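Structural description and commentary
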Amino acid sequence: MKKNLLSILLTIAVLSIGILITGCGTTSSMSGGHGDYSEIVLSSKKDFVNRWVHVIVDDNEPVEVRPKRRDVAVREAVRLMIDPGRHQVIVTDLDGYLLYSDEIFVSAGASKIIVLP
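Summary of the structure given here.

What follows concerns the overall build of the chain. A count of helices and strands for the chain gives 2 helices and 8 strands. In the chain, the succession of α and β elements from N to C terminus is α-β-β-β-β-α-β-β-β-β. Across the chain, the fraction of contacts at a sequence separation of at least 24, relative to all contacts at a separation of at least 6, is 62%. Carbon and sulfur atoms make up 56% of the accessible area of the chain, which amounts to about 8,600 Å² in all.

Attention shifts here to the pattern of salt bridges. Per the counting criterion, the structure on display carries 3 salt bridges. Arg 79 is the partner of Glu 39 in a salt bridge, and the nearest nitrogen-oxygen pair spans 3.2 Å. With Glu 39 in strand E1 (residues 38-44) and Arg 79 in strand E5 (residues 79-82), this pair connects stretches of sequence that are 40 residues apart. Arg 79 gets classed as partly exposed once you look at its relative accessible area, which sits at 32%. In this structure, Arg 69 engages Asp 71 in a salt bridge whose closest nitrogen and oxygen atoms are separated by 3.0 Å. The class for Asp 71 is exposed, based on a relative accessible area of 52%.

A separate point is the nonpolar core. If you look at the biggest cluster of nonpolar residues, it comprises 17 residues, and the most contacted ones within it are Ile 40, Leu 42, Val 55, Val 89, Val 91 and Leu 116. Elements supplying a minimum of two residues to this core: E1, strand E2 (53-57), E5, strand E6 (85-93), strand E7 (98-106) and strand E8 (111-116). A per-element tally of this core places E7 first, with 4 residues. Not counting residues up to four positions away in its chain, the partners in contact with Val 89 are Ile 40, Val 55, Ile 56, Val 57, Tyr 100, Ser 101, Asp 102, Ile 104 and Ile 114.

This part takes up unusual backbone geometry. We note that Asn 50 has phi near 60°; this positive angle belongs to a residue other than glycine. Within the secondary structure layout, Asn 50 lies in the loop between E1 and E2. The phi angle at Asp 58 is positive, at roughly 55°, despite the residue not being glycine. Mapping Asp 58 onto the fold places it in the loop between E2 and strand E3 (63-65).

A word on the pairing of E6. Note that E2 and E6 share 5 bridges and pair antiparallel. The partner of Val 57 across the bridge, within E6, is Val 89. Relative to E7, E6 runs antiparallel, the two being bridged by 8 bridges. Residue Val 91 lies in a different strand from E7, and its bridge partner there is Tyr 100. As consecutive antiparallel partners, E6 and E7 are separated by 4 residues, and within that stretch Gly 96 has a phi angle of approximately 95°, a positive value.

With that out of the way, let us pick up the side chain of Ser 44. Relative to the elements of secondary structure, Ser 44 occurs in strand E1. From its side chain, Ser 44 meets the backbone nitrogen of Phe 48 in a polar contact 3.1 Å long.

Basis of the calculations
- Residues numbered from 1 in each chain as written.
- Predicted model: local features only at pLDDT ≥ 70, side-chain atom pairs only at ≥ 80, totals over all residues.
- Heavy atoms only, no water.
- Helix = DSSP H or I, 4+ residues; strand = E, 2+ residues; numbered from the N terminus.
- Contact = heavy atoms within 4.5 Å.
- Areas by Shrake-Rupley, 256 points an atom, 1.4 Å probe, with all protein chains shown as cover.
- Salt bridge = Lys/Arg side-chain N within 4 Å of Asp/Glu carboxyl O.
- Buried < 20%, exposed > 50% of the residue type's maximum accessible area, 1.4 Å probe, protein only.
- Core = buried A, V, L, I, M, F, W, Y, C linked by side-chain atoms within 4.5 Å.
- Pairing = 2+ DSSP bridges.
- Polar contact = N/O pair within 3.5 Å; in protein donor to acceptor, adjacent residues only side chain to side chain.

Below, the structure written as structure tokens:
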């Protein structure tokens, strides 16, 4: 009888401690996968390195960006955040000369590097 009573009390104590540790107010969550955004990075072979250009995505307002050399573009270039999917991208110099115009597709969490002349 004492052994049964002792085992019941021990079981209640373990359960109570478990409920106190993991109970009310504490949650743990994990999420995986890619974020719901994509990026465009501009680089240039030589002519437009560190020169201002206009980037127009899907007929939105132009954004001024300075392309970096291809070898440092991933680390140093400005990243334009866009929604995943298809986008029309137009890049011009400040005088309006067309440097790049194409429809691109960028997956969620991915970066698209656009290389200018």
